[in-house]
Each structure stands twice: as structure tokens, then as C-alpha cells.
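Close look at the chain arrangement
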Number of protein chains: 2
Amino acid sequence: MSVVTVARLPPELAPLSGAHYSAVELDADDRRAFVLDQRLLPAEVAYQVVESASAMAEAIRAMVVRGAPAIGIAAAYGVALGARAAADLGPEAFVAALEAAAAELRATRPTAVNLAWAVERMLHAARTARELVGPERAARLAAVARELHREDVRACRRMGAAGAARLPDACTVLTHCNAGALATGGFGTALGVVRAAVAAGKRVRVIADETRPYLQGARLTAWELAEDGIDVTVISDGMAAHCMARGLVDVVVVGADRIAANGDVANKIGTYGVACLARVHELPFYVAAPWSTFDLATPDGSAIVIEERSADELAVVGTRRIVPEGAHVLHPAFDVTPARLVAAIFTETGEVAAEPGAIARAYAAR
Amino acid sequence: MSVVTVARLPPELAPLSGAHYSAVELDADDRRAFVLDQRLLPAEVAYQVVESASAMAEAIRAMVVRGAPAIGIAAAYGVALGARAAADLGPEAFVAALEAAAAELRATRPTAVNLAWAVERMLHAARTARELVGPERAARLAAVARELHREDVRACRRMGAAGAARLPDACTVLTHCNAGALATGGFGTALGVVRAAVAAGKRVRVIADETRPYLQGARLTAWELAEDGIDVTVISDGMAAHCMARGLVDVVVVGADRIAANGDVANKIGTYGVACLARVHELPFYVAAPWSTFDLATPDGSAIVIEERSADELAVVGTRRIVPEGAHVLHPAFDVTPARLVAAIFTETGEVAAEPGAIARAYAAR
């Protein structure tokens, strides 16, 4: 399948991200989504033009778009594109078509729960829109997807405010992977905390783990913070402990791909190690995530499926094979940080302790 | 300066490494050293042909050869090449020429102490050989360098035996960077422990941290273990904690670039984090290093100079820039693991506790 790309969003499109770039946006005519190809950053800014649910599923699978909230939004837009394609079907066939699209989208990445949550919400909208006539159906689903996107950005801003309150007036935040505008509808979760603190006048510097194998920290976190003029220093993952021991880190803030009922946090591989190191160096380890990342049906981290991705994503860098033939490669894409290492979770309704009772109460009251 | 390379060692040269490859060897005529260009592994096996002390210094600086014991041996051969060039000078001029060569070699890498140790030993040999006539001088220094090389291989075999005794009959060893045949005269320090255990009939598998930014684990450790048919799995550095939590690791064994009098260990950046994680997961963390890596004049790790290398070594992978303009990069090449995290140190005279009294006693008795 040939992929069309454009170098920028259409000028008439006001990105819901609130920035000049966005991980994913739906065009004003509801016919095309623009997905920033994050695999090309920081060298190149290019948006894939995605016109079907299947193409969106492929974009998610191939990590054109990544980050738990962002892939939820991308999947929602994928269902909206599917609704347009199925707009003229009868009610049953319409719902069946969207269920098929939803299944394809849901299967792309197993660990992030936002994806399943967003798809389920879109399916609910599809079922309630089944009796509408063609164009109205498609417009309804596009509107629901856009609302989900707007909510995500609002949630990021709120959790940013909650987290910013916890940061010292002058501090260095270490983060892992990219939990920024690029991983969300806009503003970011962990980087939303940084942005909110900077907006509140705090002097915040960021140390970004490069985050092998995909290098989301080096490529994405550094890029979007540099775009905002926030001071960022990239280190290789193995340097985090050294930086902590040298007093260069005050706080750790990361995002999450799924949070279990007991507060265990699945996030990008390497997060758990950072949490251990934060504990050893007596630094607070915070998680920033919207309620859509919580999965109260999962009792604890041991029940979270850890996606295994291909060996070549680690063994080949660019065009260069760095691992010899004859050696094995492991590539778990996520790990689980036990709740006991998490100082607090920042959500859109405020700070929550990583503890089952607190999570259940805050979830009920959200 | 144009660099000549050859794809293999001359067939008449029996490598002192004891393997079919070697980090560095001196040709039978004492006129050329062959330095395996480790930057090209695993894609290509190529030896730089080095004919002068300055060229050897450049090979060390550029990390054509790396690994504390190996750069010591390379520097020794560098002085031997310098002795051949200066063979016909008068006694004073001969010593002065070798002192200049030694200074250039010593300045290439500040952290590894073997380098200074090997150069000092060669200078001592130069001084005692000053009254010899030309060809004999050069032959004497070549012989001393070869003896230093042979001693290193013997030391690796002995520390391997000491460490192998500590490994369970069936176990998985996690290691960081490359402390193998490629980092030594042959056989390896940490990987010497693995080789000795395998030779003793133990079933040992290795998990190799890829070791960013230089990827010595992925490229070198995996290559030389695969060459020996030892089971090796490469992970990115951020996966170590996850592997430990999942019970995939039994023991950690690493090498060292410098060990202070109190047992603090400077080694490749990332080692300290692995040591913290081993402690958190209650796994023994061992260091394998010859006495030439100990620096009893350095009281503890805080006095060890940590080499800062160029940002581009991290920010550029192959031809690809992974860090955007506008972001800073840190590149400390080493870190310090405090003695309290080190279960034991394997040396050529046996196992030593990482504790000042034990080190002082074993050093005196070595």
C-alpha cells in the first residue's frame, strides 16, 4: 500500500493539539487523518495521510504513531474513517463493519489500554448512531472522536497542573521514553507536568533517557522540548544511575501505558529500572496518566500482557546490524513498575496514591 | 594519515590471544602491530596495520582498540614500535624518544589505569635497555611487550578459574559492555569467567547489555561469544531490570577500567546502574580484573577521573543523527560502582573482597 505524506498540516486545520504539530488530527472534511510519522523525527517532519481504518491500524502497528493516549485517539479517528466508508450500509451492517474495524485496530498493540478504551467508546457511539442516515452517522462519529481528542488535551493540562504543584521551583526532571505532546492528543502527560511547571514560572530542566531500542527519548522528547525552548539533555539509558548519583536529578516523571487496579504501572521498557534507581537514590518517582490509562479490571501488573516486538527493532539501527548472527535478542516493549515504587500518580482529577483503595475511590469520584 | 587494513592476521603469526582473532598482536618481525578495528564489528573483521607509536595512540584514542587490558597491551606494543624507530639513537635520546611516545600513549584515555601501568613498565624496560645496541634494544622492548601480553592472557585464565568456581552449574550471567577476549590480550576478564565455567562443564548462558552508546555488548560481547558457540542474548540496557525481575538473571559479572584502593570500581557507563539493580534483585555482582587494573594510589572512586567523550558518539548512530539540534547531550564514558555493591573481585591470584584491607593484603601477597 503506497503511503501519501505531507510536510505540514493543512493551514485551515486548527490542530486540537494546541501546538503547531500534532501526533494525529482529522481533516475538516472528516475524510482524512494526518498522522505524524514519528519514526522519522527528528530528521524529518512528515504526516502520513490516512484514509481508512485499516490504514490507521497499520500506522499504529508500525509505530508511525505511538504513545498510549495518542494511539487511542488515532484509533478513534480510525473508527471515524471506517464510519464514513460504511455510512451508506444498513444499521446492522454498519455496526458490523465498525466492529470489524474496531477489532483490527484493537489488535495492533496489546499493552496500552487507552486503545481498547477509545475503540469501545467509538463502538458505543456507532451503535447509538446506527439509525441515523449516512452522512450524519459519519459526522457523529467524527465528532465523538474529536471530542475524545479534546478531552485528552484537557486531561493532560489538568494532570500537568497537578504534577507541576509537586515540582520544586528549580529542578531537573528525568523522564523515560516520550510521554509528551507526541504521545497524546497534545501537551503530554509527563511532559505536560514539565510544561505546566514552566508555565507556572518554575525553572525546570529535563534529562531524557534516549530509550532504546526505539529512541523515543532522544528523538521525540528532545525534539518537542527543544521546540518549546525547554532545556533538555539526552543521555543513554545506562547513564541515569550515574546522573542520579551525581545529584543531577531531582525528580522522575514518566507516563504509563496501563495502570492496574493496585497501582502497578506498565510503561515503556526501561521504566522499571529507572524506578528502582530512583528508589535507591531516594528520588520521587511519579507517573502522569489520564484515567483512560487505568484498567481496573486488571488486578495487578502480573496480569498485564507485555508486548514482545521484533528482534530487528533492536538489532538493526538505521541500516546497520549491531547484533551478530548467532546471538539471540529479547525485545519486550514494556515492563511493569510495582506500585510500591510509585510516589504518586497525576491524573486529570488530581494526584492519586498508587494504592488500590485510593485508586478505587478516585476512579469512582472522577 | 591513511590507514592500511588487512582482513586477517598473517598465517605465520600464532596469536598470543589463543584465539583465531586478537585485539592486538605484534608481527613476528617486530615492525608492525595488527589492531582489530572493533568499531567495524560485527559487520566486518579488519585489522589496522600500525607501524608507529603515534599511530597506536591514534588507534587507542579512536577506540579502534578498547578495553582496559587490551589498551595496555596495545600501548606496550606502541612503545615497542617507538623503540624500533629510535633504536639507533644515543642512550639519552633513546629514552627521551620513548618517554615522548609514552606520554602520547598515556594521554589517549584517562580512566583506564592499565594503560599507564603498561606504559610505565615499558619505560622501565627502555631505561634498562638504553645501553644496548640498536637492534637488540628494539628486540628487548618487543619481548617485554609480548611478555606483558602473555601475562595478561594467563591472568585472564586464572581469574576465569576463580570466577567460574562461583557460578552455579547452570546459570545465566548478565554482563555489561565487553570484558572479553576483545578487551584483553585474550580470553577475557568477565567473559573469561564464563569461558572457564563452560570449559569446566557448567551450563552458562549470557545476557549481554547492548551498552550504549558504543554498543560494545551488542557488537563485541555477542560476537565473541557466538564465535565460541556460547549462548548469548542481547538486550537493550533498559531491559536489565525487567530481566532480573523475571528471574532470567542469576549472576552479574563485569570487568573494570580502574579499581580504587577501597574497592570502588570504575567501569563502562551503565555498570553502576546494573550494580544497583543487582542489589535490588538480590543478585551477586562480581567484577573480574587483573591486578594491573587496581590503582592503590587512588583511595576511592571519587578520585577517579571520568572521561567525557564527544556528544556525537551518542547523538549519531551510523550516519543518522538521533538527537535534534537544540538538545544537549551528556557522554560520561565511565561510572563508579561503590565497593559495597561488589560481592567480590576475581583476580589472577583468586577472589578478593571489595574492601581496603583485603585488597591491600592480596596486593602485597600477589
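Below is a short write-up of the structure. (Residues numbered from 1 in each chain as written. Chains lettered and ligands numbered in written order. Predicted model: local features only at pLDDT ≥ 70, side-chain atom pairs only at ≥ 80, totals over all residues. Heavy atoms only, no water.)

1. Topic: the packing of aromatic side chains
What counts here: Two aromatic rings from Phe, Tyr or Trp, using only the six-membered ring of Trp, form a pair when their centres are within 6.5 Å; if the ring planes differ by under 30 degrees the pair is stacked, by over 60 it is edge-to-face, and anything between is tilted. The helix and strand labels rest on DSSP assignments: H or I over at least four residues marks a helix, E over at least two residues marks a strand, and numbering proceeds from the N terminus. Definition used: whenever NZ (Lys) or CZ (Arg) falls within 6 Å of the ring centre and also within 35 degrees of the ring normal, the charge is taken to sit over that ring.
In the structure shown here, the tally under the stated rule is 8 aromatic pairs over all chains. Aromatic side chains Trp291(A) and Tyr363(A) sit 5.6 Å apart centroid to centroid with 70° between the ring planes, which places their arrangement in the edge-to-face category. Taken as a pair, Trp291(A) in the loop between strand E11 (285-288) and strand E12 (294-295) and Tyr363(A) in helix H11 (residues 356-365) lie far apart in primary sequence, 72 residues in all. With 4.8 Å between their ring centres and 35° between their planes, Tyr286(B) and Phe346(B) make a pair best called tilted. Of the two residues, Tyr286(B) is situated in strand E11 (residues 285-288) and Phe346(B) in strand E17 (residues 344-347); the sequence distance between them amounts to 60 residues. An aromatic cluster is defined as three or more aromatic residues linked by ring pairs; in this entry it consists of Trp291(A), Phe294(A) and Tyr363(A). A cation over an aromatic ring shows up here: Arg137(A) above the ring of Phe94(A), its NZ or CZ 4.1 Å from the ring centre. Looking at Arg157(B), its charged tip hangs above the ring of Phe187(B), at a distance of 4.3 Å from the centre.

2. Things to note about the sheet that holds strand E1 (residues 4-6) of chain A
All names here are of chain A. To keep things clear, this is the line we draw: Pairs of strands are assigned from DSSP output, requiring at least two bridges between the strands. Angles run from 0 to 180 degrees between N-to-C directions of axes, and those axes are lines fitted to C-alpha atoms, restricted for helices to the stretch in contact. Residue contacts are counted whenever heavy atoms from the two residues lie within 4.5 Å of one another.
Here we have 4 strands laid out as an open sheet, ordered E1-E4-E3-E2, and antiparallel in their pairing. Both outer strands of the open sheet, E1 and strand E2 (24-26), are each paired with one neighbouring strand and no more. Direction aside, neighbouring strands of the sheet carry axes that sit 30° apart on average. Relative to strand E3 (residues 33-36), E2 runs antiparallel, the two sharing 3 bridges. Directly across from valine 24, in E3, lies its bridge partner valine 35. Of the strands in this sheet, E2, E3 and strand E4 (47-50) touch helix H1 (residues 53-61), which is tilted by about 150° from E4. Packed onto the sheet, helix H2 (residues 68-85) meets E2, E3 and E4 and runs at close to 25° relative to E2.

3. Let's talk about the pairing of strand E7 (residues 232-235) of chain B
Residues and elements named next belong to chain B. Defined as follows: Whether a residue is buried, partly exposed or exposed follows from its accessible area with a 1.4 Å probe, protein chains only, as a fraction of its type maximum: under 20%, in between, or over 50%, in that order.
Side chains Val232 and Val234 of E7 all project onto a buried face; the interleaved residues Thr233 and Ile235 project onto the opposite face, where all are buried too. Bridge analysis of strand E6 (residues 203-209) against E7 gives 4 bridges, and the strand direction is parallel. Bridge pairing in E7 places alanine 208 opposite valine 234.

4. Some words on the pattern of salt bridges
Residue and element names in this part refer to chain B. Condition: In the sections that follow, a salt bridge refers to a side-chain nitrogen of Lys or Arg positioned within 4 Å of a carboxyl oxygen of Asp or Glu.
Inspection of the entire model under this criterion finds 46 salt bridges over all chains. A salt bridge links arginine 195 to aspartate 228, with the nearest nitrogen and oxygen atoms 2.6 Å apart. A residue pair is termed long-range when its members are at least 10 positions apart, and arginine 195 in helix H6 (residues 190-199) and aspartate 228 in the loop between helix H7 (216-227) and E7 qualify at 33 residues. Between aspartate 295 and arginine 258 there is a salt bridge whose closest N-O contact spans 2.9 Å. Here aspartate 295, found in strand E12 (residues 294-295), pairs with arginine 258, found in strand E9 (residues 258-260); they are 37 residues apart in sequence, far enough to count as distant. Like aspartate 295, the residue arginine 258 is buried in the burial classification.

5. Side note on the relation of the copies chain B and chain A
Rules: A least-squares fit on C-alpha atoms brings the copies together, and the residues used are those whose pLDDT is at least 70 in both copies.
Least-squares fitting of chain B to chain A yields an RMSD of 0.0 Å, with the transformation described by 0.0 Å of translation along the axis and a rotation of 180°. Between the two chains, the operation in question is that of a two-fold axis. Across chain B, the smallest distance between a C-alpha and the rotation axis is recorded for Asp237(B), namely 3.2 Å. A high fraction, 100%, of the interface residues of chain B reappear at the interface in chain A, so the copies pair face to face through one surface.

6. As for the interface of chain B and chain A
Here is the rule we go by: In the analysis that follows, any N or O atom pair within 3.5 Å is treated as a polar contact, provided that within protein one partner can donate a hydrogen and the other can accept it, and provided that, for residues neighboring in sequence, both atoms belong to side chains. When residues are sorted by character, Ala, Val, Leu, Ile, Met, Phe, Trp, Tyr, Cys and Pro go into the nonpolar class, Asp, Glu, Lys and Arg into the charged class, and all the rest, Gly among them, into the polar class.
Each partner contributes to the interface: chain B provides 53 residues, whereas chain A provides 53 residues. Linking chain B with chain A are 2 salt bridges. For the interface between chain B and chain A, the tally reads 16 residue pairs in polar contact (both at pLDDT 80 or more). Contributions of two or more residues to the side of chain B that touches chain A are made by H7, E7, helix H8 (240-245), helix H9 (271-280), strand E14 (320-321), strand E15 (328-329) and strand E16 (334-337) of chain B. When the residues that make up the side of chain B that touches chain A are grouped by side-chain class, the tally is 31 nonpolar, 11 polar and 11 charged.

7. Description of the layout of surface pockets
Formally: In this analysis the probe radius is 1.4 Å and the grid spacing 1 Å, with only protein atoms considered; a cavity is a set of points the probe fits into but cannot get out of, a pocket is an open set with protein on both sides within 12 Å along at least five of seven lines, and lining residues have an atom within 4 Å of a point. Grid points are joined across faces, edges and corners, and a volume is the space filled by probe spheres set on the points.
Roughly 440 Å³ of volume is contained in the largest pocket. Trp117(B), Trp291(B), Ser292(B), Glu348(B) and Arg366(B) are the residues nearest the centre of the largest pocket, which is lined by 23 residues in total. Listing elements by their share of the lining of the largest pocket, those giving two or more residues are helix H2 (68-85), helix H4 (113-128), helix H5 (134-164) and E12 of chain B. The element contributing the most residues to the lining of the largest pocket is H5(B), with 6 residues. Here the lining of the largest pocket is built from residues that sort into 12 nonpolar, 3 polar and 8 charged. Approximately 360 Å³ is the volume attributed to the second largest pocket. Along its surface, the second largest pocket is lined by 21 residues, and Trp117(A), Glu151(A), Trp291(A), Ser292(A) and Glu348(A) are the ones closest to its centre. Where the lining of the second largest pocket is concerned, the elements lending two or more residues are H2, helix H4 (113-128), helix H5 (134-164) and E12 of chain A. Tallied by class, residues from the lining of the second largest pocket come to 10 nonpolar, 3 polar and 8 charged.

8. Overview of the side chain of Asp237(B)
Quick note on the threshold: By the counting scheme adopted, Arg and Lys are positive, Glu and Asp are negative, and His together with the chain ends is not counted.
Note on placement: Asp237(B) falls in the loop between E7 and H8. Buried charge without a partner: Asp237(B) forms no salt bridge, and the closest opposite charge is Arg212(B), 6.4 Å away. A distance of 3.5 Å separates the side chain of Asp237(B) from the backbone nitrogen of Glu210(B), its partner in a polar contact. In contact with Asp237(B), other than residues within four places in its own chain, are Gly238(A), His176(B), Asp209(B), Glu210(B), Thr211(B) and Arg212(B).

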